[in-house]
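Remarks on the overall topology
Given next are the chains, with one letter for each unit.
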Amino acid sequence: MTTQFSDLNLRPQLLQAVSELGYTEPTPIQMGVIPAMLAGHDVVGQAQTGTGKTAAFALPILQNLNPDLKSIQALVLTPTRELAIQVAKAIHDYGQHQGVRVLAVYGGQPYGQQIYRLKKGIDVVVGTPGRMLDLMEQKNLDLSQLHTLVLDEADEMLSMGFIEDIESILKQTPETRQTALFSATLPPEIRRLA
């Protein structure tokens, strides 16, 4: 018996976007993570690049967005600007039929445009830990209403020395948030963070 995306209890707008992007059957990581996240559970996923992990966390985030909430509802931390841009585009593409507002924030870009977009209202922020912390310290990134936090490629962030930044960010998010951690490997430091 094969499972289809339509078996995962996703909104029609998400199923339409997934279909338009050419996907019909969820990958193993998606089959494991999507139902768990939709049920509100924290998840730790061991996944290599190319296994469909972005959709595994993006679809539940989009499913649970409250369009009436005018605050950041999901935060995705990535180790590099390239991955931040890629993940933000993917979330935008999956959420294209529900008007999701996604912003990628990362160093090497002027603050002005990122701050302007944050003030206008964003549902999902994707970015690197350093820039996230800078925006939080400047009081331009309010995570008090955050529902979901995703650590993508956590082992990469660890090897790049971001562990303290990540811990600082975690301290400024609600304890009630849902957390999803994805890593190609699960060294002791990642287990402790999880």
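The text that follows walks through the structure, step by step, so that each part is easy to find. (Residues numbered from 1 in each chain as written. Predicted model: local features only at pLDDT ≥ 70, side-chain atom pairs only at ≥ 80, totals over all residues. Heavy atoms only, no water.)

Things to note about helix 2 (residues 28–38)
Inspection of helix 2 places I29, Q30, V33, I34, A36 and M37 among the buried residues, and these make up the whole buried set. Where the residues of helix 2 are buried, they touch strand 1 (43–46), helix 3 (53–63), strand 5 (148–151) and strand 6 (178–183). A positive phi of about 90° marks G40, the residue just after helix 2. (Buried < 20%, exposed > 50% of the residue type's maximum accessible area, 1.4 Å probe, protein only. Helix = DSSP H or I, 4+ residues; strand = E, 2+ residues; numbered from the N terminus. Contact = heavy atoms within 4.5 Å.)

Comments concerning the pairing of strand 5
A two-sided burial pattern is seen for strand 5, the buried positions comprising T148 and V150 on one face and L149 and L151 on the other. Direction of pairing for strand 2 (residues 74–77) relative to strand 5: parallel, over a ladder of four bridges. Residue V76 lies in a different strand from strand 5, and its bridge partner there is V150. Two strands pair when backbone bridges link them, and strand 5 and strand 6 are joined in this way by four bridges, in the parallel orientation. Paired with L151 across the bridge in strand 6 is L181. (Pairing = 2+ DSSP bridges.)

Quick word on the packing of aromatic side chains
Inspection of the entire model under this criterion finds one aromatic pair. Ring geometry for F57 and F182: centres 5.4 Å apart, planes at 45°, overall tilted. Pair noted here: F57 is in helix 3 and F182 is in strand 6, with a separation of 125 residues, a long-range link. According to the relative accessible area criterion, F57 is buried, its value standing at 0%. Since its relative accessible area comes to 0%, F182 is described here as buried. The cationic tip of R131 hangs over the ring face of Y111; the distance from NZ or CZ to the ring centre is 3.8 Å. (Phe/Tyr/Trp six-rings, centres within 6.5 Å; stacked < 30°, edge-to-face > 60°. Lys NZ or Arg CZ within 6 Å of the ring centre and 35° of its normal.)

Description of empty space enclosed by the protein
This structure, assessed with the given rule, holds one cavity of 30 Å³ or more. By volume, the largest cavity amounts to about 40 Å³. Lining the largest cavity are I61, N64, L65, Q73, A74, H147 and T148. Here the lining of the largest cavity is built from residues that sort into three nonpolar, four polar and no charged. (1 Å grid on protein atoms, 1.4 Å probe; cavity = no way out; pocket = protein on both sides within 12 Å on 5 of 7 lines; lining within 4 Å. Points joined across faces, edges and corners; volume = space filled by probe spheres on them. Nonpolar A, V, L, I, M, F, W, Y, C, P; charged D, E, K, R; others polar.)

Comments concerning the nonpolar core
Ranked by internal contacts, the top residues of the largest apolar core, which has 38 residues, are F57, L59, I91, V124 and V126. Contact partners of F57, with chain neighbours within four places excluded, come to M37, V76, V87, I91, V150, D152 and F182. Core analysis: the next-biggest nonpolar cluster, separate from the first, contains 26 residues, I72, V105, L143 and L151 among them. (Core = buried A, V, L, I, M, F, W, Y, C linked by side-chain atoms within 4.5 Å.)

As for unusual backbone geometry
The phi dihedral of K139 falls on the positive side, at around 65°, and the residue is not glycine. The topology assignment puts K139 in the loop between helix 6 (129–137) and strand 5. The phi dihedral of E153 is positive, around 55°, even though this residue is not glycine.

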